[in-house]
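# Secondary and tertiary structure notes
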Amino acid sequence: MSKILIVDDDPDIQEACRLVLEKEGFTVGCASNRAEGLRQVAEVKPDLLILDVMMEEPDDGLTMARELRRGGFTQPIIMLTSVNAAMGITIDRDDEMVPVEKFQSKPVEPATLVAQVNELLGL
Amino acid sequence: MLTIDSAIRDDIAAVVERHGAERTSLIPILQDIKKEHREITDEAMQVVADLLDIHPVEVYSVATFYAFLHGAPEGRFVVRLCGTLACDFAGKTAVAEALRTALGIEFGATTDDGVFTLEWASCVGMCDQGPAMLVNDKVLTRVTPAKVAEIVAEYRAKGADETRQDIVTARNELTYAGIEPDAGLKAALALSRGDIVDTVSAAALKGRGGAGFPTGMKWNFCAAEKSAHKYIICNADEGEPGTFKDRVILRDFPDLVFEGMTIGGRAIGADMGIVYLRAEYAYLRAHLNEVIQRRRQAGLLGKNVGGIAGFDFDIVLARGAGAYVCGEETALIESLEGFRGEPRNRPPFPAVAGFLNHPTTVNNVETLASVACIFAKGTDWFKSFGTDKSTGYKLFSISGDCEKPGVYEFPWGITVADLLKEVGGAGAKAVQIGGASGVCVPAADFARRLAFEDIPTGGSVMVIGAQRDLLDVAENFLEFFVEESCGQCNPCRLGNPKLLEGVELLKQGTCSAEHLADLKALGATMQVAAKCGLGQTSPSAFLSIVGAFADDVTTRPQRA
């Protein structure tokens, strides 16, 4: 079954996503910051990444997404974030600066998250 | 209803045509009217309002906000004596008296023959060479009472502004001098936009203007915004008393600043860069415009910059009109748009809705020059200076009671004591770090470090000798804030006069312990309740002085 890595500094988000996705049969891992996330990506080689933006630094997720793409990570990324509401900004995905497949604002309905994961994994 | 002479209308119409009948042109229009007519009359405001299709009260509100626009009719030569602390230490009072005598007028007045107007300036950015004063756009340094008579006589005799400027800034060896021209720009333009942002983040560059916000993060959010237009603004409104390092960078290393702006423009996706130059630095305009023009001719500005198809980026110069608060980024943007320089509510942040509501990044002069160096020499090189949390080197503006005032580069993390050794500041009883909005550090704390994790600063270091009265220091700063508060929020507008009144009471020995406690509480409230960063930091010097020097400032004998 596909492996999903959640990188988010909010343990409640980690736990909620894990419960929802494990119920669907996915293998789910979690990391709480950018450095740990990068390490786990290298070790676990997830099939899909769910990535927060505001972690130790408010722009960590943006930087990490580009870091991964620069390093050759080609698997889909869902950016799951409240950065727009929290920072009063209006960003979205784009190939240059926000290289992710989906930009999803929090909160997200479990069914929506599952649908996005399935779509990106071709399930 | 005003009756307006057709000649005045024609004159002003010509000025408006020159700048364009747009709101963003309002301040340049008013600057030209002031220069040509020496005052902005009600009639002139009415004509400008008609031509810009705005209400006259809008024009009035702007014309009366800025120090270089408002006021009674001015003489042909406007003499502005700097009132800041370092000029005070250097003998400002005697120079002021000499000016009064030579001109026969008080400050705020114009001679009967209409030749001279005498005014105070909050700070002209010559703290290392005080007493300093501006005569129209020219700056005169190390003025003495004896020189005043000569200067006045020369202006009277020649009837023209031919006096030579005499700026000589002491400095140590600056890294900027060893950076290969445009090497940073070339290296940066070979990278993707994302890689440029990530390089700046990896260097951990923090803003050099004082607030210390991470530059890479600022660029990151602005770069991720989508917009047909974006702007990068160079904040050259160096108005913090005791700060003058940007003046040196703009004069001696403008290419590095423009390189940094171009790199930033590429990163965030901007098509226009704007340098907001403070009115007091008007004498730098011609030089900066020449450098911009040279860069255009070299293909470093304009269409397809650096040979990158579609990267169209140009830089223009805008001039402030004399308002300290415009150093605050949203007030600066308001000013650029032709409004009073009053800080905006945030959010939205400039990264989303800045100049003309487009995503905008505002960076300090030194920050942008540092960007060029990072790309020229690499992030590892940059991080080899400073501390883990304060990477790189910093330019410090050193003034006051020391042997070698000037602009000095040191790595972040230098102790106050080591810095004083370098500039001959032995025997200081305190240093004011960060300008009027900074903190007063007593000699007992000179082992502390200048770094974001200890004493953060935009680089101003005013050395306070043993002979000085710290209540005079607090008074000077609070007079500055009373004058320069934009007046928009109560904590800053009303708080600073109360603190100033408290300093007077302390001097008179009539400030009770209870009242002083109230003043400290007021200062603490201002630090959280003022609308902008400048208002929030305005009580810092007062609080640090009455805190660290309580034994001195609270024990004055009661005056009869």
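Residues numbered from 1 in each chain as written. Chains lettered and ligands numbered in written order. Predicted model: local features only at pLDDT ≥ 70, side-chain atom pairs only at ≥ 80, totals over all residues. Heavy atoms only, no water.

A count of helical and extended segments in chain A gives 5 helices and 5 strands. Walking chain A from its N terminus toward its C terminus, one meets helices and strands in the order β-α-β-α-β-α-β-α-β-α. Here chain A has a C-alpha radius of gyration of 13 Å; the compact-globule value for 123 residues is 14 Å, and the two agree. Each of the three principal axes of chain A carries a C-alpha extent, and together these read 35 × 30 × 25 Å. Put simply, chain A has 123 residues, and 47% of those count as buried. (Helix = DSSP H or I, 4+ residues; strand = E, 2+ residues; numbered from the N terminus. Rg over C-alpha atoms; globule rule 2.2 N^0.38 Å. Buried < 20%, exposed > 50% of the residue type's maximum accessible area, 1.4 Å probe, protein only.)

All names here are of chain B. Burial runs high along helix H14 (residues 329-336): 8 of the 8 residues are buried. Every buried residue belonging to H14 is among Glu 329, Thr 330, Ala 331, Leu 332, Ile 333, Glu 334, Ser 335 and Leu 336, and all of these are buried. Just beyond H14, the residue with positive phi is Gly 338, at close to 95°.

What follows concerns the interface of chain B and chain A. Tallying the contact residues gives 18 residues for chain B and 19 residues for chain A. Between chain B and chain A lies a buried interface of about 1,600 Å² when both sides are counted; carbon and sulfur atoms form 57% of it. At the junction of chain B with chain A, the criterion picks out 5 salt bridges. Inspection of the chain B/chain A interface yields 10 residue pairs in polar contact (both at pLDDT 80 or more). Those elements that place two or more of their residues in the side of chain B that touches chain A are helix H9 (193-202) and helix H10 (215-224) of chain B. In terms of residues, the side of chain B that touches chain A owes the most to one element, H10(B), which gives 6 residues. Its residues placed into classes, the side of chain B that touches chain A shows 10 nonpolar, 3 polar and 5 charged. (Contact = heavy atoms within 4.5 Å. Buried area = accessible area lost by both parts, 1.4 Å probe. Salt bridge = Lys/Arg side-chain N within 4 Å of Asp/Glu carboxyl O. Polar contact = N/O pair within 3.5 Å; in protein donor to acceptor, adjacent residues only side chain to side chain. Nonpolar A, V, L, I, M, F, W, Y, C, P; charged D, E, K, R; others polar.)

To continue, consider the nonpolar core. By size, the foremost hydrophobic cluster in this structure holds 101 residues, and its most contacted members are Leu49(A), Leu51(A), Met79(A), Tyr176(B) and Trp219(B). Element by element, the count of residues in this core is highest for helix H16 (residues 365-377) of chain B, at 8 residues. Ranked by size, the runner-up nonpolar core spans 71 residues in total, among them Ala331(B), Ala436(B), Ile464(B) and Leu543(B). (Core = buried A, V, L, I, M, F, W, Y, C linked by side-chain atoms within 4.5 Å.)

How two helices sit against one another is set out by the angle between their axes and by the gap between those axes. All names here are of chain B. Contact geometry of H9 with helix H12 (residues 254-268) gives a least axis separation of 8 Å together with a crossing angle of 125°. In terms of axis orientation, H9 runs oblique to H12. Like other packed secondary-structure pairs, H9 and H12 cross with a definite hand, here left-handed. Every residue of H12 that contacts H9 at Arg 193, Ile 196 and Val 197 is listed here: Ile 263, Arg 266, Ala 267 and Ile 268. Residue composition of the contact of H9 with H12, grouped by class: 5 nonpolar, no polar and 2 charged. (Axes fitted to C-alpha atoms, helices over the stretch in contact; angles between N-to-C directions. Parallel < 35°, antiparallel > 145°, perpendicular 65-115°, else oblique. Left-handed = near helix turned anticlockwise from the far one by under 90°.)

Residue and element names in this part refer to chain B. Position of Lys 245 relative to the elements: it lies in helix H11 (residues 245-252). At 3.4 Å, the side chain of Lys 245 forms a polar contact with the backbone oxygen of Arg 208. Residue contacts for Lys 245: discarding those within four places in its chain leaves Arg 208, Glu 238, Asn 364, Glu 366, Lys 394, Leu 395, Ser 397, Val 407 and Gly 458.

Another aspect to go through is the packing of aromatic side chains. Residues and elements named next belong to chain B. Within the structure shown, the criterion is met by 21 aromatic pairs over all chains. Ring geometry for Phe 311 and Phe 313: centres 5.9 Å apart, planes at 20°, overall stacked. What makes Phe 313 buried here is its relative accessible area of 1%. Their ring planes at 65° and their centres at 5.9 Å tell us that Trp 381 and Tyr 393 sit as a pair that is edge-to-face. Here the residue Trp 381 occupies a position in helix H17 (residues 379-383), and Tyr 393 occupies one in strand E9 (residues 393-400), the gap between them amounting to 12 residues. Both residues of the pair, Trp 381 and Tyr 393, belong to the buried class. The cationic tip of Arg 266 hangs over the ring face of Phe 311; the distance from NZ or CZ to the ring centre is 5.6 Å. A cation over a ring is seen here: Lys 394 above Phe 396, with NZ or CZ 6.0 Å from the ring centre. (Phe/Tyr/Trp six-rings, centres within 6.5 Å; stacked < 30°, edge-to-face > 60°. Lys NZ or Arg CZ within 6 Å of the ring centre and 35° of its normal.)

Residue and element names in this part refer to chain B. Applying the stated criterion across every chain yields a total of 3 cavities of 30 Å³ or more. Estimates place the volume of the largest cavity at around 130 Å³. Considering the residues around the largest cavity, the lining is formed by 15 residues, among which Val 325, Cys 486, Cys 492, Cys 532 and Gly 535 are closest to the centre. Looking at the lining of the largest cavity, the elements that each hand over two or more residues are helix H19 (470-484) and helix H22 (533-537). When the residues that make up the lining of the largest cavity are grouped by side-chain class, the tally is 9 nonpolar, 4 polar and 2 charged. (1 Å grid on protein atoms, 1.4 Å probe; cavity = no way out; pocket = protein on both sides within 12 Å on 5 of 7 lines; lining within 4 Å. Points joined across faces, edges and corners; volume = space filled by probe spheres on them.)

Residues and elements named next belong to chain B. The 4 strands are arranged E2-E1-E3-E4 in an open sheet whose pairing can be described as mixed. Because the sheet does not close on itself, it has two edges, and the strands there are strand E2 (116-121) and strand E4 (138-140). Averaged over all pairs of adjacent strands, the angle between strand axes in this sheet comes to 25°, irrespective of strand direction. Bridge count between strand E1 (residues 77-82) and E2: 6 bridges; the pairing is parallel. Residue Phe 77 lies in a different strand from E2, and its bridge partner there is Phe 116. Its contacts with the sheet place helix H6 (residues 92-103) against E1, E2 and strand E3 (133-135), and it is angled at close to 165° to E2. Where helix H7 (residues 145-158) meets the sheet, its contacts fall on E1, E2, E3 and E4, and the angle it forms with E2 comes to roughly 140°. (Pairing = 2+ DSSP bridges.)

Quick look at the layout of surface pockets now. Residues and elements named next belong to chain B. Roughly 990 Å³ of internal volume is contained in the second largest pocket. Of all elements in the fold, only H6, E2 and H19 reach the threshold of two or more residues within the lining of the second largest pocket. Of the residues that constitute the lining of the second largest pocket, the class distribution is 15 nonpolar, 14 polar and 16 charged.

We now examine the pairing of strand E1 (residues 3-7) of chain A. Residues and elements named next belong to chain A. Buried residues dominate E1, accounting for 4 of its 5 residues. Inspection of the sheet shows E1 paired to strand E2 (residues 27-31) by 5 bridges, in the parallel sense. Within the sheet, the bridge partner assigned to Val 7 lies in E2 and is Ala 31. Since E1 and E2 lie parallel, the crossover through helix H1 (residues 11-23) that links them has a hand, and here it is right-handed. Relative to strand E3 (residues 48-51), E1 is paired through 4 bridges, and the arrangement is parallel. Along E3, the bridge assignment pairs Val 7 with Leu 51. (Right-handed = clockwise from strand over helix to strand, strands pointing away.)

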